[in-house]
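Architecture at a glance
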Amino acid sequence: MSTWTSAAGLELTDRVPAVLRREWVHSGLCPGRDLHTLFREQARAHPRREAVIDADGALDYESLGVEVRRLAAELVSAGIGNRDVVGIQLGNGRAAVAAELAVYAAGAVALPCPAGGSAVSGLPELLCRARASAVINDRVHRLPFPAGGARRLPVDPEAPARILVSSGSEAEPKLVAYSHNAFAGGRASYLRALRRGKVPMRNLVLVPLASSFGSCGVPVTIAALGGTLLLTGAFDAAAALRMLGERRATHVFGVPTMLGRMAALGPVPGEDFGTLQAVVSSGAALPERVARACQDRFRTEVITVYGSSDGVNCHTAATGPGAWTGRPDPAVASIRIVDERGRAVRHGQPGEICARGPMTPLCYVDAPGLDARYRLPGGWVRTGDRGLLDSRGRLHVLGRIKQIVIRGGYNISPAEIEAQLGTHPAVAEVACVGVPDDDLGERLCACVAPRPAGAGITLAELTWFLEHERGVERRKLPEALVLLAELPLGPTGKVCRRTLTSIATARRQDSLTQRTTTS
């Protein structure tokens, strides 16, 4: 196994056999060139093509290249080079795009962090865990960790390029190291499969560029594919619709909550979505009602993507719509289902989803325990998700293995109940969480953002619907209801279950306290 070591002593070891990496390059699944080289090739090939469009207008490839070189020179003057990790904390806009490309130009490793910090850890902790030598926000700031020096050496395409930060919605965020080839090969192949025809992609990316899903932006849309990246800054449904139509987006990338809020807005005079080829949803299961609303609103294909920062991806571009169902693409990641001991199971039998392919990451960052837990021999990655492959080779995702509410020893899948509640006509958004209970251990709470007509919806009405209209077992029914104007989102744009659990727990405690006081 090859190991990259930073000037500050961070070791990143590739857990995929080198022979497989070489095969993927030889077969053309990975380009064998680093991201900066690929970006320079794109800029030379079409200097006047729009590279990034944000609230400040459009920037073409030539102009973006000038800004990248300026910022890269600033990094080099600060002593940053091939053996360094550089943090980036900037919102979705041209500054973040230029900063990430400048880090690649300096030969360093990029660590984009959600603006405002992570859902659990703040920026200082993320930078410390990655032993970053510098951080870019308003300018380049040197950090106490040693720097590798400003010498620009040839970059190995299999060396680390970017560290992804997981959402951290359930636990401490994981840091996952990816190579140049993993982005320009596997992840780029996933985006190519979404394109219809030869028109360059114009991708409206609604999620933070610093997120795993957002990594389809800078290293893939721009560096690998030479497309145009459309950015709105902080998510706003109305602003996203304007950008989509006015800037002729070909694809929209967002989590279901974002897409549902966009689809709920009525048309405005003169709007034109004629260039739109697909609406791409990932980050959470896409409810059927949201998929239908997007199809009705945008009159285009809706593609669901099952993926994570751990290196798994499967989408429905080839198989048609379905809730996180698709046929694995070996140009991106092969998928198999294993039992508790890591042994492959038969088609149709559920187990844990594992993935390996051109987009597989190198390793977890400074976390040998995670590598021991989630990496299997031969480069396979355990995802922590349950699923099965049917007789036609399509993947069906059955939910998180850990995301289970245990009520008196009985396991309840929140994802199952959410899918059923999402079909209720009064429910706009829903997430289910467990709340502590002294008697049963946990009870299921439904957190619901109702539609205007359903503002007075009650727990009794929802449980009756689940049991009598949807056939849900009585012991799986929610025992508490929290009504909110809209569900809280984390830094990556997904519903923040930690926040919902805190709200639901506090309300249950208040209810118990009031009940005790009155009695």
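For the structure itself, look to the data block above.
Figured I'd write up the structure that's included with this text.

What follows deals with the overall build of the chain. Within the chain one finds 14 helices and 27 strands. The C-alpha atoms of the chain give a radius of gyration of 23 Å, which matches the 24 Å a tight globule of 519 residues would have. Taken along the three principal axes of its C-alpha coordinates, the chain extends 75 × 55 × 50 Å. Out of the 519 residues in the chain, the part that is buried amounts to 57%. If you take every contact in the chain between residues at least 6 apart in sequence, the share linking residues at least 24 apart comes to 67%. Accessible surface, the chain: about 21,200 Å² in total, of which carbon and sulfur atoms supply 51%.

Attention shifts here to the packing of aromatic side chains. Note on aromatic pairs: each is described by the distance of the centres and the angle between the planes. Inspection of every chain in the model, using the stated rule, returns five aromatic pairs. Seen from their ring centres, Phe273 and Phe298 are 5.5 Å apart, and the 55° between their planes marks the pair as tilted. Residue Phe273 is found in the loop between α9 (256-263) and β14 (278-281), and its partner Phe298 is found in helix α10 (residues 288-298); the two are separated by 25 residues along the sequence. Positioned above the aromatic ring of Trp380 is the side chain of Arg336, whose terminal nitrogen or guanidinium carbon lies 4.2 Å from the ring centre.

As a further point, take the packing of helix α4 (residues 94-105) against helix α7 (residues 217-224). Interhelical geometry of α4 versus α7 gives an angle of 80° and a closest axis separation of 10 Å. Regarding the angle of α4 to α7, the classification is roughly perpendicular. Contacts from Val97, Glu100, Leu101 and Tyr104 of α4 reach α7 at Val218, Pro219, Ile222 and Ala223. A class-by-class count of the residues in the contact of α4 with α7 yields seven nonpolar, no polar and one charged.

Under the counting rule described, the total for this entry stands at two cavities of 30 Å³ or more. As a volume, the largest cavity reaches approximately 70 Å³. Ile88, Leu90, Ala96, Glu100, Pro112, Cys113, Leu209 and Ala210 together form the lining of the largest cavity. Its residues assigned to classes, the lining of the largest cavity shows seven nonpolar, no polar and one charged.

Scanning the model with the defined rule gives 29 salt bridges in all. For Asp54, the salt bridge goes to Arg94, with nearest N and O atoms at 2.9 Å. Of this pair, Asp54 sits in strand β3 (residues 50-54) while Arg94 sits in helix α4; the two residues are 40 residues apart in sequence, bridging distant segments of the chain. For Asp54, a relative accessible area of 8% gives the class buried. Salt-bridge contacts for Glu473 lead to Arg475; the nearest nitrogen and oxygen are separated by 3.2 Å. The class for Arg475 is partly exposed, based on a relative accessible area of 47%.

Glancing now at the sheet that holds strand β21 (residues 381-389). Spatially, the five strands line up as an open sheet ordered β17-β22-β21-β19-β18, and their pairing is antiparallel. Across the chains shown, the open sheet's two edge strands, defined by having one partner strand only, are β17 (325-326) and β18 (334-338). Here five bridges tie β18 to strand β19 (residues 351-356), and the two strands are oriented antiparallel to one another. In the sheet register, Arg336 faces β19, and the bridge partner there is Cys354.

The next point concerns the nonpolar core. For soluble globular proteins, nonpolar side chains are generally found buried alongside one another. Among the nonpolar cores identified, the biggest contains 105 residues, and Leu64, Val97, Leu101 and Phe298 are the most heavily contacted of them. With nine residues, the single largest contributor to this core is α4. Among residues more than four places away in sequence, those in contact with Leu64 are Phe39, Ala51, Leu59, Val97, Ala98, Leu101 and Ile222. Of all hydrophobic cores here, the second largest spans 21 residues; its members include Leu126, Leu127, Ala132 and Cys363.

Moving on, we come to unusual backbone geometry. For Arg131, which is not a glycine, the phi torsion comes out positive at approximately 55°. Relative to the helices and strands, Arg131 is located in the loop between α5 (123-130) and β7 (134-136). A positive phi angle, near 50°, is found at Arg299, a position not held by glycine. Here Arg299 is to be found in the loop between α10 and β15 (301-308). Taking relative accessible area as the criterion, Arg299 reaches 69% and is therefore assigned exposed.

Here β17 runs beside strand β22 (residues 395-400); their pairing, made up of two bridges, is antiparallel. Residue Gly326 lies in a different strand from β22, and its bridge partner there is Leu395. In sequence, β21 turns back onto β22 through a hairpin of five residues, with Gly393 there showing a positive phi of about 80°.

As a further point, take the sheet that holds strand β27 (residues 480-483). With respect to topology, three strands assemble into an open sheet ordered β25-β26-β27, the strand pairing being mixed. The open sheet has two free edges, formed respectively by β25 (427-437) and β27, since each of these has just one partner strand. The sheet shows a mean angle of 25° between the axes of neighbouring strands, direction not considered. Direction of pairing for strand β26 (residues 441-450) relative to β27: parallel, over a ladder of four bridges.

Reading the values: the criteria
- Residues numbered from 1 in each chain as written.
- Predicted model: local features only at pLDDT ≥ 70, side-chain atom pairs only at ≥ 80, totals over all residues.
- Heavy atoms only, no water.
- Helix = DSSP H or I, 4+ residues; strand = E, 2+ residues; numbered from the N terminus.
- Rg over C-alpha atoms; globule rule 2.2 N^0.38 Å.
- Buried < 20%, exposed > 50% of the residue type's maximum accessible area, 1.4 Å probe, protein only.
- Contact = heavy atoms within 4.5 Å.
- Areas by Shrake-Rupley, 256 points an atom, 1.4 Å probe, with all protein chains shown as cover.
- Phe/Tyr/Trp six-rings, centres within 6.5 Å; stacked < 30°, edge-to-face > 60°.
- Lys NZ or Arg CZ within 6 Å of the ring centre and 35° of its normal.
- Axes fitted to C-alpha atoms, helices over the stretch in contact; angles between N-to-C directions.
- Parallel < 35°, antiparallel > 145°, perpendicular 65-115°, else oblique.
- Nonpolar A, V, L, I, M, F, W, Y, C, P; charged D, E, K, R; others polar.
- 1 Å grid on protein atoms, 1.4 Å probe; cavity = no way out; pocket = protein on both sides within 12 Å on 5 of 7 lines; lining within 4 Å.
- Points joined across faces, edges and corners; volume = space filled by probe spheres on them.
- Salt bridge = Lys/Arg side-chain N within 4 Å of Asp/Glu carboxyl O.
- Pairing = 2+ DSSP bridges.
- Core = buried A, V, L, I, M, F, W, Y, C linked by side-chain atoms within 4.5 Å.

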